[in-house]
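Structure at a glance
Below, each chain spelled out in residue letters.
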Amino acid sequence: MEIKNITLFFVGIILLIIGSLIVIFDYPQIQFFESLDEESYYMLDVENKSIHQRMIIEFTIGMIILSVGIGMIGMSFLNRFQNGIR
């Protein structure tokens, strides 16, 4: 398999690495908050609840970045993206 667009490939690799790091490091923290029973979760202060919500948003953005990285790597192998996206 030949890489048709090197720039697109390297940008895809960078996005893939960044997205996977976000997903890998946020997932265990989200699981910790979600494993709390309802009573313990409601006893948390507002700051910890907002941290949990922000981590869920960050995890979602990480998944989007990961998907875009995979898509860019796939596009770098196609002929029609050889000279850039038109």
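Before reading further, recall that the structure is shown in the block above.
The present account deals with the structure reproduced in this document. Bear in mind the structure is a predicted one, so any value in this text is a computation, not a measurement. (Residues numbered from 1 in each chain as written. Predicted model: local features only at pLDDT ≥ 70, side-chain atom pairs only at ≥ 80, totals over all residues. Heavy atoms only, no water.)

1. Some remarks on helix α3 (residues 46–75)
Over its 30 residues, α3 runs 43 Å from end to end, which matches the ideal 44 Å to within 8%, given 1.5 Å per residue. Inspection of α3 places His52, Met55, Phe59, Gly62, Leu66, Gly69, Met72 and Ile73 among the buried residues, and these make up the whole buried set. (Helix = DSSP H or I, 4+ residues; strand = E, 2+ residues; numbered from the N terminus. Expected span 1.5 Å × (residues − 1). Buried < 20%, exposed > 50% of the residue type's maximum accessible area, 1.4 Å probe, protein only.)

2. Things to note about helix α1 (residues 6–35)
Taking 1.5 Å of rise per residue, 30 residues should cover 44 Å, and α1 covers 43 Å from first to last C-alpha, within 8% of that figure. Asp26 marks the point of greatest bend in α1, at about 30°, and the proline Pro28 comes within the next four residues. Considered for burial, the residues of α1 that qualify are Leu8, Phe9, Gly12, Gly19, Ile22, Val23, Asp26, Ile30 and Phe33. Buried residues in α1 make contact with α2 (38–43) and α3. Two or three places before Thr7, at the start of α1, stands the capping residue Asn5, its side-chain oxygen 3.3 Å from that residue's backbone nitrogen. (Bend = angle between axes of the 7 residues up to and from the residue. Contact = heavy atoms within 4.5 Å. Polar contact = N/O pair within 3.5 Å; in protein donor to acceptor, adjacent residues only side chain to side chain.)

3. Some points on the nonpolar core
One finds Val23, Ile30, Phe33, Met55 and Phe59 forming the largest nonpolar core, which totals five residues. For this core, the secondary structure elements donating two or more residues are α1 and α3. Among the elements that take part in this core, α1 stands out by supplying three residues, more than any other. Excluding residues that lie within four positions of it along the chain, Val23 makes contacts with Phe59, Gly62 and Met63. (Core = buried A, V, L, I, M, F, W, Y, C linked by side-chain atoms within 4.5 Å.)

4. Overview of the packing of α1 against α3
It is at 7 Å that the axes of α1 and α3 come closest, and there the two elements cross at 150°. Classified by the angle between their axes, α1 and α3 sit roughly antiparallel to one another. Viewed along their axes, α1 and α3 form a crossing whose handedness is left-handed. (Axes fitted to C-alpha atoms, helices over the stretch in contact; angles between N-to-C directions. Parallel < 35°, antiparallel > 145°, perpendicular 65-115°, else oblique. Left-handed = near helix turned anticlockwise from the far one by under 90°.)

5. Some remarks on a nonpolar patch on the surface
A contiguous nonpolar surface patch, about 410 Å² in accessible area, is contributed by Ile17, Leu21, Ile24 and Phe25. Looking at where Leu21 falls in the secondary structure, it is placed in helix α1. (Patch = residues over 30% accessible without salt bridge, like charges linked within 9 Å, V, L, I, M, F, W, Y side chains within 5 Å. Areas by Shrake-Rupley, 256 points an atom, 1.4 Å probe, with all protein chains shown as cover. Salt bridge = Lys/Arg side-chain N within 4 Å of Asp/Glu carboxyl O.)

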